[in-house]
Amino acid sequence: RAGITVTTPEVLKEITSLWNRLNLKIGVPIIDIQHLWLIKMIVDMDEAMSESQLTRQAVLARTIEEAVHYIDVHFRTEEELMALLGYEQSAAHTARHKKFEQFVQDRKKDFESGNPRAAGTLVNDLRQWLTNHIALEDKQFVAYYQKNQAKALEFSKEAIVSGRAGIRQSQVDLYKAVVKGS
């Protein structure tokens, strides 16, 4: 899959600002890399809202498609890692993932049917997801990761090398840039 790349220092600055201001680092590199990509998509959609209609539509269509793919890959990665480490709250966590996946699919359908508010709704709800799910719920998983760091790192390496984690070089580059700039 072709990825969206970070193209401007302003975009990188906004991503870094959200990452730090919302305290989103959970300390599981494979998950942090994926979370940063979600922030990137939100910033892209946010910026597209002020562009011409043609540019806005193109950026939003591409980014919504990327978000649907991202959510599927990221949630599966997170759920596999939770299962591997025996996370006791994984069933409830997975149920919240399923609900959010359906929400994003519904926004995608709304957008494709011409609803002008669908993209704005998706941007706002992705921001809420960042604040509520990642900053609060995903952080509860950190203790399991820390107790089983070697196993989690082995999983991460295998998921990245096999392509299951869907991590591209542009995502790793973004992660390195944000960590370096934090």
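Heads up: the structure comes first, above all this text.
Residues numbered from 1 in each chain as written. Predicted model: local features only at pLDDT ≥ 70, side-chain atom pairs only at ≥ 80, totals over all residues. Heavy atoms only, no water.

Draft legend 1. Region of interest: the overall build of the protein chain. Check the secondary structure of the protein chain and you find 8 helices and 0 strands. When the helices and strands of the protein chain are read in sequence order from the N terminus, they spell out α-α-α-α-α-α-α-α. On C-alpha atoms alone, the protein chain measures out to a radius of gyration of 16 Å, which is about the 16 Å that the 2.2 N^0.38 rule sets for 182 residues. Structurally, the protein chain occupies a C-alpha span of about 50 × 35 × 30 Å along its principal axes. The burial tally for the protein chain puts 46% of its 182 residues in the buried class. Partitioning the contacts of the protein chain with sequence separation of at least 6, the portion at a separation of at least 24 is 77%. With the model as given, the accessible surface of the protein chain reaches about 9,100 Å², and the carbon-plus-sulfur share is 53%. The averaged location of the 24 negative side-chain charges in the protein chain is 2 Å from the averaged location of its 24 positive side-chain charges. (Helix = DSSP H or I, 4+ residues; strand = E, 2+ residues; numbered from the N terminus. Rg over C-alpha atoms; globule rule 2.2 N^0.38 Å. Buried < 20%, exposed > 50% of the residue type's maximum accessible area, 1.4 Å probe, protein only. Contact = heavy atoms within 4.5 Å. Areas by Shrake-Rupley, 256 points an atom, 1.4 Å probe, with all protein chains shown as cover. Lys, Arg positive; Asp, Glu negative; His and termini not counted. Charge placed at Lys NZ, Arg CZ, Asp CG, Glu CD.)

Draft legend 2. Up close: the pattern of salt bridges. Taken as a whole, this structure holds 12 salt bridges when the rule is applied. Between aspartate 110 and arginine 107 there is a salt bridge; the shortest N-O distance is 2.8 Å. Of this pair, aspartate 110 and arginine 107 both sit in helix α4 (residues 90-112), 3 residues apart, which is roughly one turn of that helix. For arginine 107, a relative accessible area of 16% corresponds to the buried category. Beyond isolated ion pairs, a larger network of salt bridges with shared partners links Asp72, Arg76, Glu79 and Glu101. (Salt bridge = Lys/Arg side-chain N within 4 Å of Asp/Glu carboxyl O.)

Draft legend 3. Local environment of α4. Helix length check: α4, at 23 residues, gives a terminal C-alpha distance of 33 Å against a target of 33 Å (1.5 Å per residue), a fit within 8%. Buried residues of α4: His93, His97, Phe100, Glu101, Phe103, Val104, Arg107, Lys108 and Phe111, and no others. (Expected span 1.5 Å × (residues − 1).)

Draft legend 4. Expanded view of the packing of helix α1 (residues 9-21) against helix α8 (residues 169-181). Closest axis-to-axis distance for the α1/α8 pair is 10 Å, and the angle between their directions is 65 degrees. When the axis of α1 is compared with that of α8, the two are roughly perpendicular. At the point where α1 passes α8, the crossing takes the right-handed sense. Contacts between α1 and α8 pair Leu12, Ile15, Thr16 and Trp19 from the former with Leu174, Ala177, Val178 and Gly181 from the latter. Its residues assigned to classes, the contact of α1 with α8 shows 6 nonpolar, 2 polar and no charged. (Axes fitted to C-alpha atoms, helices over the stretch in contact; angles between N-to-C directions. Parallel < 35°, antiparallel > 145°, perpendicular 65-115°, else oblique. Left-handed = near helix turned anticlockwise from the far one by under 90°. Nonpolar A, V, L, I, M, F, W, Y, C, P; charged D, E, K, R; others polar.)

Draft legend 5. Molecular detail of the environment of glutamine 102. Positionally, glutamine 102 belongs in helix α4. The class for glutamine 102 is partly exposed, based on a relative accessible area of 42%. Taking C-alpha positions, glutamine 102 is 25 Å from glutamate 47, a pair spaced 55 residues apart along the chain.

Honestly, it's all geometry; don't read function into it.
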